[in-house]
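Below, each chain spelled out in residue letters.
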Amino acid sequence: MDSKDLPPPTRPPSNRQASGGWSLESLLDAENTNGQSAALSHDELTRVIRSQLPHVERGGRRPSEHHEMDSLSEDVRLLGSLLGLVIREHSGVEFYRSVEELRQVAKLARLEPGGPNWRALADIINHALEGKTAEQSLAWLADWASAFQIFLALCKLAEVVHHQRRVRPLDRSLDELSSHADSQGLDAVSSPGIRLVATAHPTKILRHRILAHQTEIYELLKQLRDPSTTTVLQQVELLQRLAEKIEVLWATQVSRGEKPKPSDDIDHTITFFSRTIYETLARFHRDLERGYRYRTRRPLPDPLTPRITLGSWVGSDCANNPDTSPEVFAEALTKQHRAVLGKYAEDLLRLAPRFSHAAFRAPLSDELARSIDDDLSELTTSGAKLGPLLRHRKREPYRLKLELMAARLQETMRAPVLDSSTGRVGFVYAHVDELLKDLDLVDENLKLAGYHRSRELDLDLVRRKVCLYGFHAASMDIKELGSVILDAGCAVLEESRINTANATPTVLAELFTLELLKTDEQLIGPLFSEFDPLPGAFASRSDVRRLFSMLNIARRARATLGTDAVANLIVTQTKSHTELLAALLLLKAQGLLEPQMGSANLHVVPLFETIQDLQGAHDTMRALFSNPAYQKWCQACGQHQTVMLGYSDSSKDGGYFSSNWEIYRAQELLLRVAKDRQIELRFFHGRGGSIGRGGGPTHRAIMALPRGATRHGQDLTEQGEVLARHYAIPDEARAHFTNLITAQWKKRASDSEEEPAHFRSTAEQLASLSMESYRSLIRHPDFISYFEQITPREVELLKLGAPSEPRVMARSIEDLNSITWVFRWVQSRQMVPAWYGFGTAVEALVERSADPKATVLELKDMYQRWPFFQTVVSNCETAMRHTDLDIARYYAHSLAAGEEAAEGILRMIRHEYHTTLRELERITGHALLARQEDANLEQSIALKEPYLDPLNYIQVRLLRDYRQRLAEQAPQDELELYERAIVSSIEGIATGLGTTG
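Residues numbered from 1 in each chain as written. Predicted model: local features only at pLDDT ≥ 70, side-chain atom pairs only at ≥ 80, totals over all residues. Heavy atoms only, no water.

(A) Inspection of the pattern of salt bridges at higher detail. All told, the structure shown has 64 salt bridges when counted by the stated rule. The salt bridge involving Asp 347 is made with Arg 350; its shortest N-O contact spans 3.1 Å. Of the two residues, Asp 347 and Arg 350 both sit in helix α11 (residues 326-351), three residues apart, roughly one turn of that helix. A salt bridge links Arg 918 to Glu 919; the nearest nitrogen and oxygen atoms lie 3.5 Å apart. The partly exposed category is assigned to Arg 918, whose relative accessible area is 41%. A cluster of three or more residues bridged by salt bridges with shared partners is formed by Arg 110, Arg 829, Arg 881, Asp 884, Glu 938, Glu 945 and Asp 949. (Salt bridge = Lys/Arg side-chain N within 4 Å of Asp/Glu carboxyl O. Helix = DSSP H or I, 4+ residues; strand = E, 2+ residues; numbered from the N terminus. Buried < 20%, exposed > 50% of the residue type's maximum accessible area, 1.4 Å probe, protein only.)

And the structure:
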């Protein structure tokens, strides 16, 4: 369809004008270079500094908020100018001008409501490709996608630099918290902490090489912003390096070149740990403890106990990844173990030369002297040459001990990890406690000798790391479908000659209970392993066999790496307590639970995901807590229970507000059930990166939890794309940790007020009305066809680098993956999962009320006084601001096979959008993101829109052509070029919106 045939635009005006952008004319005269330009000369860069960097600060003065916004625009403009230079050099002036033309038109469309809009953007794309061959057109589309994707990434980096200048540092947060350091405050800071659980993610695109380049650009821009960078020569050097890194970014492929293996996901996660998290999290804990002590004049309770710990599903998520296998699980455990031991060894070797204390200055205790001699003897026995180590024995014994510890760690890295038949022998650490004993031995000797600074400044940090990461780095969870766990439990019964054929869930629960309560003399038989035949009907069940093998590996890992190496068995799609009893029986069968349940080695965690399951969660757990076998297990766990709540599936199932309310309400009811049984309940929040999947500001989300929900700590998923967002740059990681822990402490310290009962009654009505509206959309006969055609289903092909092949169209919403469900809406700028149904619910509530004015006042009061409702409304505002129905219409008119049917669904979405916009303004009293505290977010969105909007139109053209060529069975190499370009567009849009699947 030609752009002139499309209906007129309907985009509402933005709240603020967009600013920033590249202006190559300020660098070079494009008309005089004939497309051939070299790197910027010294004089040209000097001119850039004088014209574009007047903001370089001197004397360490902190800028005002207004000046900070202007500085961000200037940095965005600078980075765009440098990227423009690179584009001109490598793709020519003609291509550069087309990029600039797209940007300028997109900017005008935002500044002038009802102006050129997407008609002109489509015309520019069509005009630029006229007369070009198919190959040339594809090359231009790919380069356009890369250009805008890279600029949005650069813009994000500039934002991070400026965000770090505004972020509340740890010491300021502690100043605020110190006011709560009475008995209530101490209780808050001594509460169990937060466990951050990394997950693999199908929408994770960027390679680590790209992230490394971006990190270097961040550091260069940060230096350019440093008050000490004042001379022209310093600035010229930094700008040249910036230009070089941007040029390398332009030349580097964004996406993976081949389908990633499960081991790639493991390596991806471990890279974040090794490069950023390992050092940053340990230093955060040290600074947290010291800062709290300095400000409150009290020690932090349990000062070496980590307040934030790490978990992982990468390599152990059987429920969502068919490639997960026992071998992959073992590989993940092994790689994590060796990675953290390698980091410990690096630390000790780096520190060792600092500990040159002579024995006559810092005398050795007999125990330390014996320890060094024993190490040397063991090392000699192992066949190693002592060489230079011996000369340190008398002169620098402390240095020698640290080097011996490093050598022992390196030998431990080479030893078998999960091979229980051989164990650990030789010059190795058999357990983390042996390493801690050595560290304490050195520390105690220095303490007795009076050398406190060395131990407090250096050894203390290493010890904190060992306490934090152990020999496992991150504790892993095995995640499996409840139905598979139920079948595996039945296999255990069948092995004991108990017939489970045709047994109802109630009968199965009774059978599981009886088997769990058997005494030592009534054990259920041999352990299942990957070599043992499964009984009867389960003989061919690969998923059941896989689960038994995963649990066997968990048992071995806990024996060799420590009990924290594998933490939980997560039962996904939990429907009843029968599945949880089956899970408990599996632990007993696989040696992870003592026969009489005197100790629990692994925790069973139910995951409630759908609206119906969330609504029945308290009944499920009440039945479980009433079960005599489970009561014994719970006692073995110290009366502790973790329950996981799923945001993705509940949102897909019932819509945005209904999902949030049912999760909130489920926590309240579960807390009551746990209190009645005197059980400590901890919640595990399965939040995604986008608002439609429980995303949004973490601090806000924690403060919005029900009263008592954080009393026993909490677990939070850190999904694949969130890892890159929070952990690519150490400064961002530290800010994230600060945000998390201070939010939890503040929540605990202020967790005394309860919202009025009528607030909850109103929220209940809104949830019912919003779900009714949402389901009327997703159950419409034309909806699935609309979603499959209009949103980029190609993300499901590209996410795993799969070969190009026709994909079977979904027939119902149940066929759609809940993660890519949200991601595809985000890509097409519709954001339906993050707001649809809310406006109609509010409108209906007010209209049906006996006193509409009083109802509106109540909603306003809820927004002002209730953190839960304020958070839901604020996140909804952000999603609405990101929504663009003009772009959604362009997707619909360009990609839909049935235009009339697509227009019908789009009409429903448009109507709900305007209804929600109106009702949000009625509740909040302001336009979208018009509050002063939203100014930075609004500026961020406005800055990026001129680069984000064209990318959507480029993506539409790529998708349209790609689908056509796929249907025509084009050569594989051509399809791969399309896929690479589509990946650039996908990554660029995700980066520009700052929220992904």
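(B) Here's a closer look at the sheet that holds strand β5 (residues 603-608). Taken in spatial order, the eight strands of this closed barrel run β1-β2-β3-β4-β5-β6-β7-β8, and their pairing is parallel. Neighbouring strand axes in the sheet, compared pairwise and without regard to direction, differ in orientation by 25° on average. By the bridge criterion, three bridges tie strand β7 (residues 680-686) to strand β8 (residues 714-718) in an arrangement that is parallel. When the sheet's bridge partners are listed, His 685 is paired in β8 with Leu 716. Contacting β5 and β6 (640-646), helix α22 (residues 617-625) crosses the sheet at an angle of about 155° to β5. (Pairing = 2+ DSSP bridges. Axes fitted to C-alpha atoms, helices over the stretch in contact; angles between N-to-C directions. Contact = heavy atoms within 4.5 Å.)

(C) Geometry of the packing of aromatic side chains. Counting across every chain of the model gives 34 aromatic pairs. Aromatic side chains Tyr 630 and Trp 633 sit 4.9 Å apart centroid to centroid with 45° between the ring planes, which places their arrangement in the tilted category. With Tyr 630 and Trp 633 both in helix α23 (residues 628-636) and three residues apart, the pair spans about one turn of that helix. Accessibility classification places Tyr 630 together with Trp 633 in one group, the buried group. When the centroid spacing of 5.6 Å and the interplanar angle of 35° are considered together, the rings of Phe 657 and Phe 838 count as tilted. Taken together, the residues Phe 657 in helix α25 (residues 656-676) and Phe 838 in helix α33 (residues 838-848) connect sequence positions 181 residues apart. Taken as a pair, Phe 657 and Phe 838 share a single burial class, namely buried. (Phe/Tyr/Trp six-rings, centres within 6.5 Å; stacked < 30°, edge-to-face > 60°.)

(D) Local environment of the packing of helix α10 (residues 262-296) against helix α16 (residues 452-469). Put simply, α10 and α16 touch, their axes get as near as 10 Å, and they point 115° apart. Considered as vectors, α10 and α16 are oriented roughly perpendicular to each other. For α10 against α16, the interelement crossing comes out right-handed. Touching Phe 273, Ile 277, Tyr 278, Glu 279, Leu 281, Ala 282, Arg 283, His 285, Arg 286, Glu 289 and Arg 290 of α10 are Glu 456, Leu 457, Asp 460, Leu 461, Arg 464, Lys 465, Leu 468 and Tyr 469, all from α16. (Parallel < 35°, antiparallel > 145°, perpendicular 65-115°, else oblique. Left-handed = near helix turned anticlockwise from the far one by under 90°.)

(E) Spotlight on the environment of Ile 498. Assignment of secondary structure puts Ile 498 in the loop between α17 (482-495) and α18 (505-516). It is 8.4 Å that separates the C-alpha atoms of Ile 498 and Leu 511, two residues lying 13 residues apart in sequence. What Ile 498 contacts, discounting residues up to four positions off in sequence, is Leu 493, Leu 511 and Glu 515.

(F) Local environment of the nonpolar core. Of all hydrophobic cores here, the largest spans 206 residues; its most connected members are Trp 144, Tyr 469, Phe 657, Trp 821, Phe 869 and Ile 909. Counting residues per element, this core draws most heavily on helix α5 (residues 134-166), at 17 residues. When residues no more than four places from it in sequence are discounted, the contact partners of Trp 821 are Lys 652, Tyr 774, Ile 778, Phe 783, Phe 787, Ile 813, Leu 816 and Pro 833. (Core = buried A, V, L, I, M, F, W, Y, C linked by side-chain atoms within 4.5 Å.)

(G) Representation of empty space enclosed by the protein in the model. For the coordinates displayed, the defined rule picks out 10 cavities of 30 Å³ or more. For the second largest cavity, the calculated volume is near 280 Å³. Around the second largest cavity, the lining is made up of 24 residues, and of these Tyr 647, Asn 660, Ala 701, Ala 704 and Leu 705 lie nearest the centre. At the level of secondary structure, the elements contributing two or more residues to the lining of the second largest cavity comprise α25, α26 (698-703), β8 and α35 (867-882). Looking at which element gives the most residues to the lining of the second largest cavity, the answer is α25, with five residues. A per-class count over the lining of the second largest cavity returns 14 nonpolar, eight polar and two charged. (1 Å grid on protein atoms, 1.4 Å probe; cavity = no way out; pocket = protein on both sides within 12 Å on 5 of 7 lines; lining within 4 Å. Points joined across faces, edges and corners; volume = space filled by probe spheres on them. Nonpolar A, V, L, I, M, F, W, Y, C, P; charged D, E, K, R; others polar.)

(H) Structural detail: the pairing of β6. Among the seven residues that make up β6, seven are buried, leaving the element largely enclosed by the rest of the structure. Of the two faces of β6, both are covered, the one formed by His 640, Thr 642, Met 644 and Gly 646 as well as the one formed by Gln 641, Val 643 and Leu 645. Inspection of the sheet shows β5 paired to β6 by two bridges, in the parallel sense. In the sheet register, Phe 608 faces β6, and the bridge partner there is Leu 645.

(I) Up close: the pairing of strand β1 (residues 194-198). Across the five residues that make up β1, a large majority, five, are buried. Pairing of β1 with strand β2 (residues 308-312), which is carried by five bridges, proceeds in the parallel orientation. Note on β2: the bridge partner recorded for Val 197 is Gly 311. Where β1 and β8 come together, five bridges link them in parallel fashion. Of the residues in β8, the one forming a bridge with Ala 198 is Glu 718.

(J) Structural context of the environment of Val 983. Following the sequence through the fold, Val 983 ends up in helix α39 (residues 972-993). Its relative accessible area of 7% is what places Val 983 among the buried residues. Remark: the alpha-carbon pair of Val 983 and Gln 955, spanning 28 residues in sequence, is separated by 9.3 Å.

(K) Just the packing of helix α30 (residues 783-790) against helix α36 (residues 885-895), in detail. Their axes nearest at 9 Å, the elements α30 and α36 cross at an angle of 95°. The angle between α30 and α36 places the two elements in the roughly perpendicular class. Here α30 contributes Tyr 786, Gln 789 and Ile 790 to the contact with α36, which in turn contributes Ala 888, Tyr 891, Ala 892 and Leu 895.

(L) Quick look at helix α3 (residues 93-111). Relative to the 27 Å expected for 19 residues at 1.5 Å per residue, α3 spans 27 Å between its end C-alpha atoms, a close match to the ideal helical length. Inspection of α3 places Val 93, Phe 95, Tyr 96, Ser 98, Val 99, Glu 100, Leu 102, Arg 103, Val 105, Ala 106, Ala 109 and Arg 110 among the buried residues, and these make up the whole buried set. (Expected span 1.5 Å × (residues − 1).)

(M) View of the environment of Leu 511. When you line up the elements, Leu 511 lands in helix α18. When the C-alpha atoms of Leu 511 and Asn 499 are compared, they prove to be 9.8 Å apart, with 12 residues separating the residues in sequence. Apart from the residues within four sequence positions on either side, Leu 511 is in contact with Leu 493, Ile 498 and Asn 499.

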